[in-house]
Amino acid sequence: FISPVCRFWAIPSDLSGMAILGLAYIIVPGSVIAFATFLYGTTMISPVKAGIFNLFEPVVATLASLIFLHQAFSLGHYIGIASILAGITFLTISKK
């Protein structure tokens, strides 16, 4: 779908060493910290509950971009958030 618009597999040849180090600095610690805190959280609550809390991530990211970055909020966002919240509600109700 996206490949005719953006060839994400092509790495630009004009990236400097500092740009690559900068990307690594952002990507690696961010991933490691996020995964480590998720694993630590599963020791405090059950992995099932941690997984359900993890489903809130796109909702929080969308709302944070709305608040902090002043992004436009469209009908698709409302539908997506409603779908996620309905899915979480379904998961939590069906477990009881």
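Residues numbered from 1 in each chain as written. Predicted model: local features only at pLDDT ≥ 70, side-chain atom pairs only at ≥ 80, totals over all residues. Heavy atoms only, no water.

J.: Account for the overall build of the protein chain, naming residues and giving values.
T.: Regarding its fold elements, the protein chain presents four helices and zero strands. Of the regular secondary structure in the protein chain, the N- to C-terminal order runs α-α-α-α. With 96 residues in all, the protein chain has 8% of them scored as buried. Summed over its atoms, the accessible surface of the protein chain is roughly 8100 Å², and 75% of this surface lies on carbon and sulfur atoms. (Helix = DSSP H or I, 4+ residues; strand = E, 2+ residues; numbered from the N terminus. Buried < 20%, exposed > 50% of the residue type's maximum accessible area, 1.4 Å probe, protein only. Areas by Shrake-Rupley, 256 points an atom, 1.4 Å probe, with all protein chains shown as cover.)

J.: Any chance you could break down unusual backbone geometry for me, citing the residues and the numbers?
T.: Of all residues except glycine, most have a negative phi; of all peptide bonds, most are trans. We note that histidine 70 has phi near 55°; this positive angle belongs to a residue other than glycine. Within the element layout of this structure, histidine 70 appears in the loop between α3 (57–68) and α4 (75–94). Relative accessible area serves as the criterion here: at 67%, histidine 70 is assigned to the exposed category.

J.: Summarise the environment of leucine 63; cite the residues concerned and give the values.
T.: Inspection of the secondary structure assignment puts leucine 63 in helix α3. Between the C-alpha atoms of leucine 63 and histidine 77, which are 14 residues apart in sequence, the distance is 9.5 Å.

J.: Break down a nonpolar patch on the surface for me, citing the residues and quoting the values.
T.: Judged by side-chain polarity, Leu15, Ile20, Leu23, Tyr25, Ile26, Ile27, Val28 and Val32 come together as a nonpolar surface patch covering roughly 810 Å² of accessible area. Structurally, the position occupied by isoleucine 20 is in helix α1 (residues 17–44). (Patch = residues over 30% accessible without salt bridge, like charges linked within 9 Å, V, L, I, M, F, W, Y side chains within 5 Å. Salt bridge = Lys/Arg side-chain N within 4 Å of Asp/Glu carboxyl O.)

J.: Explain the confidence of the model for the protein chain to me, using residue names and the numbers behind them.
T.: Considering every residue of the protein chain, the mean pLDDT works out to 82; 83% of them sit at 70 or more. Of all secondary-structure elements in the protein chain, the lowest mean pLDDT belongs to helix α2 (residues 47–54), at 82, while α3 reaches the highest, 90. (pLDDT = per-residue confidence, 0-100.)

J.: Describe the side chain of threonine 62, and please don't skip the residues or the numbers.
T.: Here threonine 62 is to be found in helix α3. Owing to a relative accessible area of 18%, threonine 62 belongs among the buried residues under this scheme. A polar atom in the side chain of threonine 62 sits 2.7 Å from the backbone oxygen of proline 58. Contact partners of threonine 62, with chain neighbours within four places excluded, come to Phe73, His77 and Ile81. (Polar contact = N/O pair within 3.5 Å; in protein donor to acceptor, adjacent residues only side chain to side chain. Contact = heavy atoms within 4.5 Å.)

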